[in-house]
Protein chains: 2
Amino acid sequence: MEPALQWNDSPAACLHGLGVSACADCRVRQISVCAALDPHELTEIDSLSHPTAFPAKSTLFTQEDPASAVFNITEGMVRLYKLLPDGRRQIVGFALAGDFLGLALLDRYGVSADAITDTKVCRFSRSAFTAFLDKKPHLLRRLHEFASHELSLAQDQMVLLGRRTADERIAAFLMSLKERFARIGHTSITLPLPMSRQDIADFLGLTIETVSRTFSKLAKSGVIVVVPDGVRLTNLAQIKALATR
Amino acid sequence: MEPALQWNDSPAACLHGLGVSACADCRVRQISVCAALDPHELTEIDSLSHPTAFPAKSTLFTQEDPASAVFNITEGMVRLYKLLPDGRRQIVGFALAGDFLGLALLDRYGVSADAITDTKVCRFSRSAFTAFLDKKPHLLRRLHEFASHELSLAQDQMVLLGRRTADERIAAFLMSLKERFARIGHTSITLPLPMSRQDIADFLGLTIETVSRTFSKLAKSGVIVVVPDGVRLTNLAQIKALATR
DNA sequence: CGCGCCATTGACTCTGGTCAACGCTAGTGG
DNA sequence: CCACTAGCGTTGACCAGAGTCAATGGCGCG
């Protein structure tokens, strides 16, 4: 168990030195980029890491800002998005525990990121991280694998946005989120949906009304049950069929 | 000048030993992944490379097939796409000279690729290439930069597919293609469009009819002139305005 | 010359968007 | 303790942008 923490309201509370999220007992180590590191390297990167907490709705970084830091998410959920000048928004991904933000290592962020739930991260200064990376090709290799995986997810999302109906989008969204939660140890049939309907709509290229109507339709036909902050997937086979059609 | 070549109809004609596309006088070296290599390394990779020609409409590789090779495109244009079981297609990108196919280095291809025009590539066995990569971290770093750039393009495409109108999609497509052609030395106001209307539609998440109508509409309003296998961008400012709105 | 492929255009349809009303819940303050 | 409000989600009625279906045109090729 971690020690109980007093959460304050200021964004990005740094927890360094509080014995929090030390690499040694990091819950996401095996599934994060850090899995590429041996015990000695783990102590090295531990000393570079700044464990930090972001309360729900706070901003991790904003598109076009100088990329001073990169992040390894240890807990919570983050939305990554781009805005058009007139305010239209496209969410390009939801980041979960184990995900890495700032993969591109560019000097400016390509997207904006804010916490959906209370979120904990390991923050690294980008310069320190890239310097460490230059000494550890196997870590770079792992980072490249993560980036390739992201690219693959992005291509799947292009298929969804370009060629799928509203029903299929919702089904595919539920299936892929279920699989991602399973990877981080949450295997329940009840899928938490901490993001708002607007977030889901902006991820799937729909409107909030269409998302709501589609949930209702799926609920009426018995394949899901809508519960507060989530859905119960009562007919997985049917959802999978819709998702992969 | 290269020696004149007799093109035969067989796909994937190997030009090895014909003095074609040697790294020393490779036209795309400075903009491709190879720019990370010094002269000595260039001779090393030269010996791994199989210069190969793919005639228009031939297949480079197919989604889910074992990824035996990776490719550096030196000339031509390739479409990368995914298919749904019922035949719906989403083109996830057009690859031009200087682009690298197989960035993910996974053991199966994540997309299918076929040549739109006659295309020349440097083909590498994936195992040989990854072995070389293990000795050259700076090449891995360059590959990672390429993958990150691809990811960024994919995110832009998600915004386009999720949140832009047909007019905006066409305008954004023309602008980004123009910029990519400019990078490889083609700066004319007349933009070649070697791909079919169906290809454009499947890239932009539209139908062939909507693409055609939108071209006609833009032509009628004077911002483009449709020419055989391309368009002349007669009012760049207007197109850019539409594209970034 | 005539066939086949691709692109264009028109008429009509439909999926998903827009606009609006309403309900539920949590938070606030009298 | 409850009235009031604000924010989010749901639902209904209507609308419009893009899709579908079909006819026609243009061009390259055998």
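Residues numbered from 1 in each chain as written. Chains lettered and ligands numbered in written order. Predicted model: local features only at pLDDT ≥ 70, side-chain atom pairs only at ≥ 80, totals over all residues. Heavy atoms only, no water.

Chain A appears in an unreviewed UniProt entry as Helix-turn-helix domain-containing protein from Microvirga terricola.

## A word on the overall build of chain A
Rules: Secondary structure elements follow DSSP: runs of H or I no shorter than four residues count as helices, runs of E no shorter than two count as strands, and numbering proceeds from the N terminus. Here the globule rule reads 2.2 Å times residues to the power 0.38, and the radius of gyration is calculated from C-alpha atoms. Here the term buried applies to any residue with accessible area under 20% of the maximum for its type, exposed to any over 50%, and partly exposed to those in between, with areas from a 1.4 Å probe on protein chains only. Contacts between residues were defined by any pair of non-hydrogen atoms, one from each residue, lying within 4.5 Å. Here, Shrake-Rupley sampling with a 1.4 Å probe gives the accessible areas, and only protein chains in the shown set may cover a residue. Neither His nor the chain ends is counted toward charge; the positive residues are Lys and Arg and the negative residues Asp and Glu. Just so you know, the charge point we use is NZ for Lys, CZ for Arg, CG for Asp and CD for Glu.
Of the regular secondary structure elements, chain A holds seven helices and 12 strands. Scaling as 2.2 N^0.38, a compact globule of 245 residues should have a C-alpha radius of gyration of about 18 Å, and chain A matches this with 19 Å. Considered along the principal axes of its C-alpha atoms, chain A spans approximately 55 × 40 × 35 Å. Evaluated residue by residue, chain A yields a buried proportion of 50% over its 245 residues. The contacts of chain A with a sequence gap of at least 6 include a subset with a gap of at least 24, amounting to 73%. Summed over all atoms, the accessible surface of chain A reaches about 11100 Å², with 54% contributed by carbon and sulfur. Separation between the mean location of the 28 positive side-chain charges and that of the 26 negative ones in chain A comes to 7 Å.

## Quick look at the interface of chain B and chain A
Many descriptions give the size of an interface as the accessible area lost when the pieces come together. Our working definition: Buried area is a sum: the accessible area each of two parts loses on coming together, probed at 1.4 Å, counted once for each and added. Salt bridges are identified by distance alone: a Lys or Arg side-chain nitrogen within 4 Å of an Asp or Glu carboxyl oxygen.
Each partner contributes residues to the interface: chain B has 39 residues there, and chain A has 39 residues. Interface area for chain B against chain A, summed over the two sides, is near 3600 Å², with a carbon-plus-sulfur share of 64%. The three residues of chain B that bury the most area against chain A are B:His144, B:Met158 and B:Arg163, which together make up 22% of that side's buried surface. Along the contact surface separating chain B from chain A lie eight salt bridges. At the level of elements, β6 (89–96), α3 (137–163) and α5 (197–204) of chain B are the ones that each hand at least two residues to the side of chain B that touches chain A. Here the side of chain B that touches chain A gets 18 residues from one element, more than from any other, and that element is α3(B).

## Comments concerning the packing of aromatic side chains
Residue and element names in this part refer to chain A. Defined as follows: Two rings from Phe, Tyr or Trp (for Trp, the six-membered ring) form a pair when their centres sit within 6.5 Å of each other. Planes less than 30 degrees apart are called stacked, planes more than 60 degrees apart edge-to-face, and all others tilted. Consider the ring centre and the ring normal. A charge sits over the ring if Lys NZ or Arg CZ is within 6 Å of that centre and within 35 degrees of that normal.
Counted according to the given criterion, the structure contains 16 aromatic pairs over all chains. Their ring planes at 50° and their centres at 5.3 Å tell us that Phe124 and Phe129 sit as a pair that is tilted. Each member of the aromatic cluster is reached from another via a ring pair, and the members are Phe54, Phe61, Phe71 and Tyr109. Between Arg89 and the ring centre of Tyr81, over which it is positioned, the NZ or CZ distance is 5.7 Å.

## Some remarks on the sheet that holds strand β12 (residues 230–233) of chain A
Residue and element names in this part refer to chain A. We apply this condition: Here, strands pair whenever DSSP counts at least two bridges between them. Every axis corresponds to a line fitted to the C-alpha atoms, with the helix fit spanning only the stretch in contact, and the corresponding angles, defined between N-to-C directions, vary from 0 to 180 degrees.
Pairing within the open sheet is antiparallel, and its three strands lie in the order β10-β12-β11. With partners counted over all chains shown, the strands left at the sheet margins are β10 (190–192) and β11 (224–227), one partner each. Between one strand and the next, the sheet's axes are offset by a mean angle of 25°, whatever the strand orientation. Pairing of β10 with β12 involves three bridges; the strand directions are antiparallel. Paired with Pro192 across the bridge in β12 is Gly230.

## What about the domain arrangement of chain A?
Residue and element names in this part refer to chain A. Put simply, the rule reads: A domain assignment, automatic or from a database, supplies the domain bounds used here. Here a polar contact means two N or O atoms within 3.5 Å. Within protein one must be a hydrogen donor candidate and the other an acceptor candidate, and residues neighboring in sequence count only if both atoms are side-chain atoms. Under the grouping applied here, Gly and all other residues not named as nonpolar or charged are polar, the nonpolar ones being Ala, Val, Leu, Ile, Met, Phe, Trp, Tyr, Cys and Pro and the charged ones Asp, Glu, Lys and Arg.
As far as domains go, chain A holds domain 1 (13–158) and domain 2 (165–244). The C-alpha centroid of domain 2 is placed 25 Å from the C-alpha centroid of domain 1. With 16 residues of domain 1 in contact, the opposing surface of domain 2 contributes 13 residues. Here domain 1 and domain 2 share an interface that buries about 1300 Å² over both sides, 60% of which is from carbon and sulfur atoms. When residues of domain 1 are sorted by the area they lose upon contact with domain 2, Arg89, Phe94 and Leu96 head the list and together hold 40% of the total. There are four salt bridges connecting domain 1 and domain 2. Notably, a salt bridge pairs Arg180 with Asp99, separated by 2.7 Å at the nearest N-O pair. Run the count over domain 1 and domain 2 and you get nine residue pairs in polar contact (both at pLDDT 80 or more). Elements with a contribution of two residues or more to the side of domain 1 that touches domain 2: β5 (77–83) and β6 (89–96). In terms of residue count, the dominant contributor to the side of domain 1 that touches domain 2 is β6 (eight residues). When the residues that make up the side of domain 1 that touches domain 2 are grouped by side-chain class, the tally is nine nonpolar, four polar and three charged.

## With respect to the protein's contact with DNA strand D
Quick reminder of the rule: One heavy atom suffices: a residue is near a molecule or strand as soon as one of its heavy atoms comes within 4 Å of it.
Near DNA strand D there are 14 residues, and of these A:Arg197, A:Ser212, A:Ser216, B:Thr210 and B:Arg213 occur at the shortest range. Atoms of DNA strand D within 4 Å of the protein belong to the sugar or the phosphate in 62% of instances, the rest to bases. Here A:Ser212 contributes a side-chain N or O atom positioned 2.7 Å from a phosphate oxygen of DNA strand D. Between a base nitrogen of DNA strand D and a side-chain N or O atom of A:Arg213, the distance comes to 2.9 Å.

## Here we look at the sheet that holds β6(B)
All names here are of chain B. Overall, antiparallel pairing links the four strands, which are arranged β3-β8-β5-β6 in an open sheet. On the outer flanks of this sheet lie β3 (59–61) and β6, each paired with one strand and no other. When strand polarity is set aside, the average angle formed by the axes of neighbouring strands in this sheet is 30°.

## What to know about the packing of helix α4 (residues 166–183) of chain B against helix α6 (residues 208–220) of chain B
Residue and element names in this part refer to chain B. Applied cut-off: Working definition: roughly parallel below 35 degrees, roughly antiparallel above 145 degrees, roughly perpendicular at 65 to 115 degrees, and oblique for all remaining angles.
Packing of α4 against α6 brings their axes to within 10 Å, and their N-to-C directions diverge by 80°. By the angle between their directions, the pair α4 and α6 is classed as roughly perpendicular. In this structure, α4 uses Ala166, Asp167, Ile170 and Leu174 to contact α6, whose residues at the interface are Thr210, Val211, Thr214, Phe215, Lys217 and Leu218. Residue composition of the contact of α4 with α6, by class: six nonpolar, two polar and two charged.

## Notes on unusual backbone geometry
All names here are of chain B. The residue Lys57 is not glycine, and still its phi comes out positive at about 80°. As for its position among the elements, Lys57 is in the loop between β2 (50–54) and β3. Of note, the phi angle at Asp229 is positive, near 60°, even though the residue is not glycine. With respect to the helices and strands, the residue Asp229 is situated in the loop between β11 (224–227) and β12 (230–233). With a relative accessible area of 62%, Asp229 lands in the exposed category.

## A closer look at the side chain of A:Glu41
Residues and elements named next belong to chain A. Along the polypeptide, Glu41 turns up in helix α1 (residues 39–48). Accessibility expressed as a relative area gives 7% for Glu41, which makes it buried. Of note is the side chain of Glu41, whose polar atom sits 3.5 Å from the side chain of Lys136. Residues within four places of Glu41 in sequence aside, it is in contact with Ala36, Phe132, Lys136 and His138.

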